[in-house]
Amino acid sequence: MSESENQLLIEAATAARLRSVAPFSNFLVGAALQTTGGKVFTGCNVESASYGLTVCAERVAIWKALSEGERDFTHLVVVADTENLTPPCGTCRQIIWEFAKHATIVLANLRGQREEVHILDLLPRAFDARFLKEASRAK
C-alpha cells in the first residue's frame, strides 16, 4: 500500500473516532477496514451503561463489512489519542484473527506516530475453528 493510501485510511479512522459514543471512559477510538476491492468500512467504539455490552471500533468496522458481504481484507487501521500506540483489545484480536487475519494492522495516534503489525504478533497461538473440528473428530 502506498503512503498516500495508508494516510487516507488513517484519516478515515481518525474521522470515525470522532463519532465514538464514550460517555463513561471518554476514550475515543476509530477504525478503518479496507477490502481487497478497495472499499473502506469504518467503526467507532460505542459504550453502554452495562459496560459488558460496549463494543470496540475494530469490531464495529469488521461487523459492518461482514454484514455487507465482504470477506477479504487488506488493512485495518486503529487510531486513538494516546501517547503510546494503542493495540486492539483481546476480544478484538480474536475477531481480527477469525475474520481479517491476512490484513495488515496499522496502529496510529493523533501525534502522527504509526506502526504496522500482524495479528500473529498480537495473538500468538490463536484459537479458531480448527480446534472445534479436532474436538468433534475426537469423539
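Everything discussed here concerns the structure shown above.
Residues numbered from 1 in each chain as written. Predicted model: local features only at pLDDT ≥ 70, side-chain atom pairs only at ≥ 80, totals over all residues. Heavy atoms only, no water.

## Comments concerning the state of the cysteines
Going by this rule: Two cysteine sulfur atoms make up a disulfide if the distance between them is within 2.5 Å.
Considering all chains together, one arrives at zero disulfides under this definition. Free of any disulfide, Cys 89 has its nearest cysteine sulfur in Cys 92, 3.7 Å distant.

## Some remarks on a nonpolar patch on the surface
The criterion, for reference: Each patch is built from residues that are more than 30% exposed by relative accessible area and take part in no salt bridge. Like charges join if they lie within 9 Å; nonpolar side chains (Val, Leu, Ile, Met, Phe, Trp, Tyr) join within 5 Å. To be clear on the numbers: accessible area is Shrake-Rupley with a 1.4 Å probe, and residue cover counts the displayed protein chains and nothing else. Each salt bridge in this description consists of a side-chain nitrogen of Lys or Arg and a carboxyl oxygen of Asp or Glu lying within 4 Å of one another. Only DSSP runs of H or I reaching four residues or more are called helices, and only runs of E reaching two or more are called strands; each is numbered from the N terminus. A simple rule labels every residue: compare its accessible area, found with a 1.4 Å probe on the protein chains alone, to the largest value its type can have, and call it buried under 20%, exposed over 50%, or partly exposed in between.
Side chains of Phe 127, Phe 131 and Leu 132 sit close together on the surface and give an oily, nonpolar patch of about 300 Å² of accessible area. Its location among the elements puts Phe 127 in the loop between α4 (119–122) and α5 (129–137). Classification of Phe 127 as partly exposed rests on a relative accessible area of 43%.

## A short note on the packing of helix α2 (residues 57–67) against helix α3 (residues 90–100)
In plain terms, the rule: Note on geometry: axes are lines fitted to C-alpha atoms, helical ones only across the stretch in contact, with angles between N-to-C directions running from 0 to 180 degrees. For classification purposes, an angle smaller than 35 degrees is called roughly parallel, one larger than 145 roughly antiparallel, one from 65 to 115 roughly perpendicular, and anything else oblique. Note on convention: the crossing is left-handed when the near helix lies turned anticlockwise from the far helix by less than a right angle, right-handed when the turn is clockwise. By the convention used here, residues are in contact when the closest approach between their heavy atoms is within 4.5 Å. Only Asp, Glu, Lys and Arg are considered charged in this grouping, and only Ala, Val, Leu, Ile, Met, Phe, Trp, Tyr, Cys and Pro are considered nonpolar; every other residue, Gly among them, is considered polar.
Interaxial distance between α2 and α3 falls to 9 Å at its minimum, and their mutual angle equals 30 degrees. Between α2 and α3, the angle is such that the two are roughly parallel. Our pair here, α2 against α3, has a crossing hand that is left-handed. Contacts between α2 and α3 involve Glu 58, Arg 59, Ile 62, Trp 63 and Leu 66 from the first element and Thr 91, Cys 92, Ile 95, Ile 96 and Phe 99 from the second. Class assignment for the residues of the contact of α2 with α3 results in seven nonpolar, one polar and two charged.

## Concerning the packing of aromatic side chains
What counts is decided by this rule: Aromatic rings from Phe, Tyr and Trp, taking only the six-membered ring of Trp, are treated as a pair when their centres fall within 6.5 Å; an angle between ring planes under 30 degrees marks them as stacked, one over 60 as edge-to-face, and anything in between as tilted. Two thresholds decide whether a charge sits over a ring: the Lys NZ or Arg CZ must be within 6 Å of the ring centre and within 35 degrees of the ring normal.
Under the defined criterion, the tally for this structure stands at three aromatic pairs. Summarising the aromatic geometry, the rings of Trp 63 and Phe 99 are spaced 6.0 Å apart at their centres and angled 75 degrees between planes, so their arrangement reads as edge-to-face. Highlighted residues: Trp 63 in helix α2 and Phe 99 in helix α3, separated in sequence by 36 residues. Accessibility expressed as a relative area gives 37% for Trp 63, which makes it partly exposed. Pairing Phe 127 with Phe 131 gives two aromatic rings, centres 5.4 Å apart and planes at 10 degrees, and the pair type is stacked. A relative accessible area of 35% means that Phe 131 is categorised as partly exposed. Between Lys 101 and the ring centre of Trp 97, over which it is positioned, the NZ or CZ distance is 4.3 Å.

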